[in-house]
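# Observations on chain architecture
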Amino acid sequence: MAEKLDIVNQILMGLQRTSKEIPYHLLYNKEGSELYEEITKLKCYYPYAAEEALLEQHAGEIAAQIAPKSVLVELGCGTARKTGRLLNAVQSRYGSCRFVGIDVSKSALEKAAVYLEKELKAPKAHEMKFIQAEYMQGLKEVRRLCPENMLCILWLGSSIGNLSQTEAISFLKDVTSAVGYRCQLFLCTDMWKDYKRLFAAYKDDNGLTERFIKNGIRNALNILGQHPSLDEEKDWIYQVEINNYLKQVEMYVCFPSGLQNGEMQVNIRPGERVLVEISRKFTVEDIYHLAHEAGFHVHAAWRNATYGCQMLLPAQ
Ligand code: AVJ
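Residues numbered from 1 in each chain as written. Predicted model: local features only at pLDDT ≥ 70, side-chain atom pairs only at ≥ 80, totals over all residues.

## Some remarks on the environment of E148
Note the following rule: Helix and strand labels come from DSSP, where a helix needs a run of H or I of at least four residues and a strand needs a run of E of at least two; each type is numbered from the N terminus.
Among the structural elements, E148 can be located in the loop between α6 (135–145) and β4 (151–155). Between the C-alpha atoms of E148 and R182, which are 34 residues apart in sequence, the distance is 8.2 Å.

## Considerations on the sheet that holds strand β7 (residues 248–255)
Rule in force here: When DSSP finds at least two bridges between two strands, those strands are taken to pair. In this analysis, axes come from line fits to C-alpha atoms, helices being fitted only over the stretch in contact, and the angle between any two N-to-C directions falls in the range 0 to 180 degrees. Working definition of a contact: two residues with C-beta atoms, positioned from the backbone, lying within 7 Å.
The sheet built from 3 strands is open, its strands ordered β6-β7-β10 with antiparallel pairing. The sheet terminates laterally at β6 (237–243) and β10 (272–280), the two strands that pair on one side only. Averaged over all adjacent pairs, the angle separating strand axes in this sheet is 25°, with direction ignored. Lying over the sheet, helix α8 (residues 195–202) contacts β6, β7 and β10, oriented at roughly 155° with respect to β6. Sheet strands in contact with helix α9 (residues 208–223) are β6, β7 and β10, and its direction is about 120° off that of β10.

## Quick word on the sheet that holds strand β3 (residues 126–132)
With respect to topology, 7 strands assemble into an open sheet ordered β3-β2-β1-β4-β5-β12-β11, the strand pairing being mixed. A strand with exactly one partner marks an edge of an open sheet, and here the two such strands are β3 and β11 (296–303). Direction aside, the axes of adjacent strands within the sheet are offset by 20° on average. Strand contacts of helix α4 (residues 84–94): β1 (71–75), β2 (97–103) and β3, with the helix running at about 160° to β2, the strand carrying the most contacts. Lying over the sheet, helix α11 (residues 284–293) contacts β5 (183–190), β11 and β12 (307–314), oriented at roughly 150° with respect to β11.

## Here we look at the site of the ligand
The cut-off we apply is this: Residue proximity rests on one test: whether the C-beta atom, placed from the backbone, lies within 6 Å of the molecule or strand. Three classes are used: nonpolar for Ala, Val, Leu, Ile, Met, Phe, Trp, Tyr, Cys and Pro, charged for Asp, Glu, Lys and Arg, and polar for all others, with Gly counted as polar.
Looking at the ligand, the residues that line it are I39, P47, G157, S158, S159, G161, N162, Y202, T209, F212, E277 and S279. Of all the secondary structure elements, the ones that give two or more residues to the shell around the ligand are α9 and β10. The residue makeup of the shell around the ligand, split by class, is 4 nonpolar, 7 polar and 1 charged.

## Re α11
Test applied: Put plainly, a residue is buried at 20 or more neighbouring C-beta atoms within 10 Å of its own, exposed at 12 or fewer, and partly exposed in between, counting only other residues' C-beta atoms, which are placed from the backbone. Arc, as used here, means the arc of the directions from the helix axis to the C-beta atoms.
Residues of α11 that are buried: I287, L290 and A291. Taken down its axis, α11 places every buried residue within 100° of arc, on the same side. Along its buried surface, α11 packs onto α7 (165–179), β5, β11 and β12. Looking one or two residues beyond α11, the residue adopting positive phi is G295, at roughly 85°.

## Examining the packing of helix α3 (residues 46–64) against α4
Rules: Orientation labels follow simple angle bins: below 35 degrees gives roughly parallel, above 145 gives roughly antiparallel, 65 to 115 gives roughly perpendicular, and whatever is left gives oblique. In this scheme, a crossing is called left-handed if the near helix is turned counterclockwise away from the far one by less than a right angle; it is called right-handed if the turn is clockwise.
Relative orientation of the contacting elements α3 and α4 amounts to 40°, with a least axis distance of 8 Å. Classified by the angle between their axes, α3 and α4 sit oblique to one another. The way α3 lies across α4 gives a crossing that is right-handed. Contacts between α3 and α4 pair L55, E56, A59, G60, I62, A63 and A64 from the former with R85, L86, A89, V90 and R93 from the latter.

And the structure:
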């Protein structure tokens, strides 16, 4: 119950700011997770295929950078559709592989277990575990279960793009406080690129991203006890903006007629918009800078103009 109150307060705080926003994680309720899964199949949504291609191409080399006997830990593993080939590469290099998937979604974890079982070349050589938890709580639990092991923390999908620079730095610092310095971090990031490709990826013609972003708003309002009709929702406008200064895609919902709730805790004026998600993009320099600020160094990297995967080690 305390959690519910927390999230209500978080939403209200975001909606009472001068520039209104909601927490991006509200995008990932059941409908949202399904929509995101569909988005990843769109041709215009290049990050998914770009990451998959890099992992496919370099799985062997990536495995070679993972310390022997490491436990691989995936943050927000979801259905683990991209993890199998890394696990196979680790297993074929070292003979066995230990993996822990962390995700808040129980149903995603169940799918991940089934999917990986199919995908692994030698399932018996893998030890797999799944923890339903938020990232940090999950990491602490992994450290408790494996107090001595080197952990290789996988953070795929350019999920770090949802965090501002300050948030990203403190998140990466939190990782080392949760697990200590016996870890390495495999961090995947989308690269800063031309306006046209970014725009096409986040404003697809099928309107899937629009539905995904509006679903985030709907979820937030539902949590506040508001249930806008589909007719009301038809008036909402999805807006994508490319912020060149912060190198991020910004996704908004604009309310031409405004939106209030009974107690007037929420007062979105006509024409005002709410920021639902940012998706930051990185230059090579940005990645080095972020790693440095967070107390890591870039130990190895596999990149092209579209996408980057890098192995970070604690600078200590
Ligand atoms: C899951 C954060 C990587 O930023 O590209 C996709 C989410 N939002 N389309 C991204 C998203 C709109 C996605 N991440």
